[in-house]
Amino acid sequence: MKLSSLLSLLPLAGIASAITINVDDTNSIKDAAKIAALKLRALYPKGESWFLPGEFGLIQTADGKNNQGYYWWEAGAAMGAWIDYWFYTNDDQFNGIVTEAMLFQVGPDKDYQPPNQTLALGNDDQAFWAIAAMSAAERAYPDPPKDQPQWLALAQAVFNRQAGRWDAAACGGGLRWQVFSSNKGYDYKNSVSNGLFFHLGARLARYTGNQTYADWAQKTYDWSKSNGLISKDYRIYDGSHIPECVVSSKIQWSYNAGIFLSGAAYMYDNFKTTGDTAKAANWEQEVDKLLKATDEPFFNRGAGLTNIMCESACESSPPYTNAPTCNTDQRSFKAYLARFMALTYQLVPSTQDWIMARLSASATAAAKSCTGGDDGQTCGLSWIMQKYDGSPFGIAKGGVGEHMAALEVFQSLLVPGAKAPVTQKNGGTSVGDASAGSGTSGLSAEDLMQTSPTTQGDRAGAGILTTICLGGLVGLTYWLIRE
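In what follows, the accompanying structure is described. Computed from a predicted structure; not experimentally measured.

Here the focus is the packing of helix H3 (residues 72–89) against helix H14 (residues 400–411). Close contact between H3 and H14 brings their axes to 10 Å; oriented N to C, the two are set at 30 degrees. With respect to their mutual orientation, H3 and H14 come out roughly parallel. Note that H3 runs across H14; the crossing there is left-handed. Of the residues in H14, those touching H3 at Glu-74, Ala-77, Ala-78, Ala-81, Trp-82, Asp-84, Tyr-85 and Tyr-88 are Val-400, Gly-401, Met-404, Leu-407, Glu-408 and Gln-411. Among the residues making up the contact of H3 with H14, the classes are represented as nine nonpolar, two polar and three charged.

Attention shifts here to the state of the cysteines. Throughout the structure, instances matching the rule amount to three disulfides. Covalently, Cys-314 is tied to Cys-326 through a disulfide, its sulfur atoms 2.0 Å apart. Looking down the S-S bond of the Cys-314 and Cys-326 bridge, the torsion is 90 degrees, so its handedness is right-handed. Note that Cys-314 is positioned in the loop between helix H11 (295–298) and helix H12 (333–347) and Cys-326 in the loop between H11 and H12, a separation of twelve residues in sequence. One exposure class covers both Cys-314 and Cys-326, and it is buried. There is a disulfide in this structure between Cys-370 and Cys-379, and the S-S distance comes to 2.0 Å.

This part covers the sheet that holds strand E3 (residues 188–190). Judged by pairing direction, the sheet is antiparallel, and its three strands sit side by side in the order E3-E4-E5 without closing on themselves. Each having just a single partner strand, E3 and strand E5 (247–249) make up the two edges of the open sheet. Strand-to-strand twist in this sheet, taken as the mean axis angle between neighbours without regard to direction, amounts to 45 degrees. Where E3 lies against strand E4 (residues 239–241), three bridges are found, and the strand directions are antiparallel. Residue Lys-189 lies in a different strand from E4, and its bridge partner there is Ser-240.

Okay, the packing of aromatic side chains next. For the coordinates displayed, the defined rule picks out 31 aromatic pairs. For the ring pair Trp-73 and Phe-128, a centre distance of 4.8 Å and an interplane angle of 45 degrees mean the geometry is tilted. On the criterion of sequence distance, the pair formed by Trp-73 in helix H3 and Phe-128 in helix H5 (residues 123–138) is long-range, its members being 55 residues apart. The same class applies to Trp-73 as to Phe-128, namely buried. Looking at Arg-139, its charged tip hangs above the ring of Tyr-88, at a distance of 5.5 Å from the centre. Positioned over the ring face of Trp-354 is Arg-358, at 3.5 Å from the centre of the ring.

When the terminal C-alpha atoms of helix H10 (residues 277–292) are compared, their 22 Å separation across 16 residues agrees well with the 22 Å that a helix rising 1.5 Å per residue should span. Residues of H10 that are buried: Ala-280, Trp-283, Glu-286, Val-287, Leu-290 and Leu-291. One side of H10 carries all its buried residues, which in axial view fall inside an arc of 130 degrees. Residues Thr-277 and Ala-278 are exposed on H10 and point more than 90 degrees away from its buried face. Next to the buried residues of H10 lie helix H7 (191–208), helix H8 (211–226), helix H9 (254–274), H11, H12 and helix H13 (352–369).

Definitions and limits used
- Residues numbered from 1 in each chain as written.
- Predicted model: local features only at pLDDT ≥ 70, side-chain atom pairs only at ≥ 80, totals over all residues.
- Heavy atoms only, no water.
- Axes fitted to C-alpha atoms, helices over the stretch in contact; angles between N-to-C directions.
- Helix = DSSP H or I, 4+ residues; strand = E, 2+ residues; numbered from the N terminus.
- Parallel < 35°, antiparallel > 145°, perpendicular 65-115°, else oblique.
- Left-handed = near helix turned anticlockwise from the far one by under 90°.
- Contact = heavy atoms within 4.5 Å.
- Nonpolar A, V, L, I, M, F, W, Y, C, P; charged D, E, K, R; others polar.
- Disulfide = S-S within 2.5 Å.
- Buried < 20%, exposed > 50% of the residue type's maximum accessible area, 1.4 Å probe, protein only.
- Pairing = 2+ DSSP bridges.
- Phe/Tyr/Trp six-rings, centres within 6.5 Å; stacked < 30°, edge-to-face > 60°.
- Lys NZ or Arg CZ within 6 Å of the ring centre and 35° of its normal.
- Expected span 1.5 Å × (residues − 1).
- Arc of directions from axis to C-beta.

Shown next as C-alpha cells:
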C-alpha cells in the first residue's frame, strides 16, 4: 500500500499543524482524539482492491519486498479503540467500519476463529477481538442486526472456547500462548493470554451476574500468581516455558500490567455490586498493588519525566542515544495500558487521583510527539521525548500502534464524565448465549483443547494457507523474547 493512497483517504487539508491538547478542556480533548482517530483511519485500507474488513494488512516497504504488516489481533484492538471513541465523544463516523469488521471476522463458529488465521492463532489474538465485543456490550454500542451474532454472545463464545483449552497437564494450569501445537510458542504460557482470559472472565461475571465466570477469573488469577507471572511485588512478567514452568522472561510490557489491573477492577466492582464486602475489599487491595507496580517500569524512571508513560522494555531512554527496539506490536502496547487504566478509574474510585495524574501527563506529552509528517500531525513512538521522534509512518515500524496509543490516552481523559460500563441489569441490551463456543454440538474434550484444527473450516483454512506458504503476514517474526 502506498503512503499516498493511505493519506488520500483522509482530507487533512485545513487542519492546523500539530495536535494541541488542554487536559482541562473537554472540547480540546475531543479535538485531539478526533485527529488521532482519523490518523488511524487513514491507515485502514478500506477501498483497496485487496481489502478484507478487520485487517490492516501488508504494508509497502522501502525495500520493495512488501512482506511486513500488522497481525490480525491489532485490528481487533483498533476496533475496541474506535468503540471507546464513539462512547466518549458521541462521534459515530467510524461505527460502520467497526460493525463491518467485527462481524466479518467472527468465523464459521462465531467465536473469532476465522479460517484464514488458523496457522497463526494465539489465545491472545482471539481474546483481543472478544474484548472489543465485550466493550461493545458494556458501552451499549449499537447492536448488530438480529440475524447476526451479538456482542455478548461473541465474547461468551471466545471465553468458552478458551476455557476448554485450560491446560492442567502442564504447569498445573493456565492457557498456552498459541492455540495449535504446530505453532511456534505452543510451549509458552504467557501473561497476555492468561491475563486476557482472566480479564474477560471478570467482565462477563460483572455483566451477566454469573458466578461461574468469576470462579474462572479467580482460578486464572491465582494460577498466574502461583506460576510467577504475577510476582510477589505485583510486577507482571512475560511468561514461562514448558516443561520448566518457571518464569523465563522477566520482561515487563505495559499492556500486561493494564490487562491484569483492569481485570482486578472488574472483580472488585462485581463483588461490590453483589454485596460481598470481604471479596470486594480483597480485590481493591489487589487493584492497589497492581496499580502501584506500574509506576517504576512505565511512568517514573527518573530524568525528571514525571508520570509520562513509556514502554521501557523497548523505547529509547534519556539521553536517547540508542534507537528504540519496539516491533510493530509493541508500538501499540501503551494504548491498552491507557484504556485499561481509564476503566479502572471508573470502577475503583480510590484509584482516580493516581491514575488521572499519569493519564494527564502522558496525554500532554503524547500530543507533543504528534508533530511529524507533511501535515505536522503524525504521532511518534516516544512520549517522554515530548517531540516527534522520527518514528516511521505507515511502514512496519509504526503507524497503527502510535496513533492508537495517542487516541487511547487522549480519550481516556474524558472518563471522569463518562457513564460506567453497563450490565444486563443496568442498561445493557446485547443478547448473550452462555453455551456459545462450548462444544455443545458434540465436540470431545480433546477437540475442545484444540491442539490442531478441528472444524472443517479450520482444516480448509490451514490447507489453503499451507499451500500458499503463508505469504507475508503469517511469516512475520514473532516478538516472543526468551531470556
